[in-house]
Amino acid sequence: MKVIKVLLSCLLFPCTVLGQEAEPQDSIRKIEATIVNAKTSEPLGFATVYVNPYVSTIANEEGGFSLSANIADTLHISYVGFKPMKIAVAQTGTVIRMQPGGRVLDEVVVYSPDAIIARTLARLRKEYRRYYNHRASFFFRQLQLADHRSSSLQEAFLSARSAFAVKKMSLITGRYLAHHEKHNNPMNAYRLVQTEVYTNKKEHAAMTPLSKWYRAYYNCTSTAITDGEREFYVLHFTPLDPKEVAVEADVYIDAQTFCVERYTGHFNNWLVRYTQREEIPIPPKGKEWEQETTEQKGGDKNDLLTDIFFERRRLMRVPMMYSFDIFYQHDHKFHEVKTANCHTSFSIEGKPHEVRGTLINVGNYQRTDNKVLNTQGNLRQEIRMQGYDRQFWKNNEVIKRTPLEEEALDLFERENLEGEYEE
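About the thresholds
- Residues numbered from 1 in each chain as written.
- Predicted model: local features only at pLDDT ≥ 70, side-chain atom pairs only at ≥ 80, totals over all residues.
- Heavy atoms only, no water.
- Phe/Tyr/Trp six-rings, centres within 6.5 Å; stacked < 30°, edge-to-face > 60°.
- Buried < 20%, exposed > 50% of the residue type's maximum accessible area, 1.4 Å probe, protein only.
- Helix = DSSP H or I, 4+ residues; strand = E, 2+ residues; numbered from the N terminus.
- Arc of directions from axis to C-beta.
- Pairing = 2+ DSSP bridges.
- Axes fitted to C-alpha atoms, helices over the stretch in contact; angles between N-to-C directions.
- Core = buried A, V, L, I, M, F, W, Y, C linked by side-chain atoms within 4.5 Å.
- Contact = heavy atoms within 4.5 Å.

**Side note on the packing of aromatic side chains**
Inspection of every chain in the model, using the stated rule, returns 17 aromatic pairs. Note on phenylalanine 267 and tryptophan 270: the rings are 4.9 Å apart at their centroids and 65° apart in plane angle, and the pair reads as edge-to-face. Both residues of the pair, phenylalanine 267 and tryptophan 270, belong to the buried class. Taken together through their ring pairs, the aromatic side chains of Tyr263, Phe267, Trp270, Tyr322 and Phe324 make up a single cluster.

What follows is the structure, encoded as structure tokens:
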């Protein structure tokens, strides 16, 4: 993660990194690997890969990462709920398999869910008063698929409040690539990654598990697990009313500090809104109008009546599957969003759509006078008004792209669609 912070500090916010000597090129190895669950072979998105304060990174949504390190170094790989790993750079393969943590029986004091939540809330309330306005910079990437085809790719650097949940986002710089398509629905994944694990407002308690009102909306069970070094309580929240819009989720809490480490799950009964556009023929307005307009068009009456339309728009709602996975860091002694990922799927007029959003804390914050992004607005419009710096984006990848994201980027670049979008 810190290599990302140092890289962006140099590029976005001018500074000098001292104390580093260049390594001989023949001692450097570039690693490209995928991190997976050893038991299920499922990818472990956003696992942390650390070598030293200057060389570290985070795996992408599909567990893939790339990193260059000295062959004498060691990779330290961690993922909440899995046993940490140490691998010599010289012995690193293309697939890294992490073992899931085991259940704890007698090793730690097992509290009831109510007691765990009470101690966690006490810590969160204290931090909330002191750190709520802390800000950081984030890298954001969104990929959208329409009818199994890449329809848009967005990347941006944003400044935002970073404590507990990402809020009050402002655009620093960004780019987008898109097709001109009727079904290119401009959904904002940056709104969805702002999912909250904690709230002190009663009106938000129905969709937020950690609150003092949680028993009115959720059933909660707990288990204790260990990764070999630390113990965690895993709280599983299930909505009491299966018909309400609510979250079904797991919250991982450190058994010693009662810090939230991870929040993952999905929302039930969520609806997505979209605008349905229809072309409606304009009805005739009388013989004189028909004759005059037909002469101007140079066609006959029948042609006139079939190719004059107006567009009608209707607001529609369709069911949407919305899942998320958020990790927290405690570098500044409070709960700060480290990474956030969301994945949505829905169908519009019989065609499947997917939107995938990835948000990564890159640590630095530059004061900006840019307006706060409207969560109901369109990020592409904000990027469009700001302009596109092609050279900057050519030099900055930040997190390894998934194969699907690479495919989308190749497609857009071949068709020269960078920055191309019209409402």
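And the narrative resumes.
**Thoughts on helix H6 (residues 379-386)**
Residues of H6 that are buried: Leu379, Arg380 and Ile383. With its buried residues spanning 95° around the axis, H6 presents them on a single face. Where H6 terminates, the next one or two residues include glycine 387, which has phi positive at roughly 105°.

**Section: the pairing of strand S13 (residues 231-239)**
With respect to burial, S13 is a largely interior element, 7 of its 9 residues being buried. Turn length for the strand S12 (residues 218-226)-S13 hairpin, with the two strands adjacent in sequence and antiparallel, is 4 residues, and the turn residue glycine 228 shows positive phi of about 100°. Here S13 runs beside strand S14 (residues 246-254); their pairing, made up of 6 bridges, is antiparallel. Paired with tyrosine 233 across the bridge in S14 is isoleucine 253. Between S13 and S14, which follow one another and run antiparallel, lie 6 residues.

**So, the sheet that holds strand S7 (residues 95-98)**
Neighbouring strands of a sheet are bound in pairs by backbone hydrogen bonds; such pairs are parallel or else antiparallel. Across the sheet, 3 strands lie side by side as S4-S1-S7; this open sheet has mixed pairing. Looking at strand neighbours, the two that pair on one side only are strand S4 (64-70) and S7, the edges of this open sheet. On average, adjacent strands in this sheet sit at an angle of 40° to one another, irrespective of strand direction.

**Side note on the nonpolar core**
Core analysis: the largest hydrophobic core is formed by 61 residues, its most contacted members being Met169, Leu210, Phe237, Val251, Tyr263 and Leu359. Dropping the residues within four chain positions of it, methionine 169 is found in contact with Leu158, Ser159, Ala160, Tyr190, Val193, Gln194, Leu359, Lys371, Val372 and Leu373. Judged by nonpolar contacts, the second largest core, of 33 residues, contains Val89, Ile172, Val234 and Val362.

**Focus on the environment of alanine 165**
On the secondary structure map, alanine 165 appears in the loop between strand S10 (149-161) and strand S11 (167-178). In this structure alanine 165 comes out as buried when scored by relative accessible area, which is 5%. Sequence spacing of alanine 165 and tyrosine 132 is 33 residues, and the spatial spacing of their C-alpha atoms is 9.5 Å. Discounting chain neighbours no more than four positions away, the residues touching alanine 165 are Gln194, Thr195, Glu196 and Val337.

**What about the pairing of strand S1 (residues 28-37)?**
Pairing of S1 with S4, which is carried by 7 bridges, proceeds in the antiparallel orientation. When the bridges of S4 are listed, lysine 30 appears paired with serine 68. Bridge count for S1 against S7 is 4 bridges, and the pairing is parallel. Residue asparagine 37 lies in a different strand from S7, and its bridge partner there is methionine 98.

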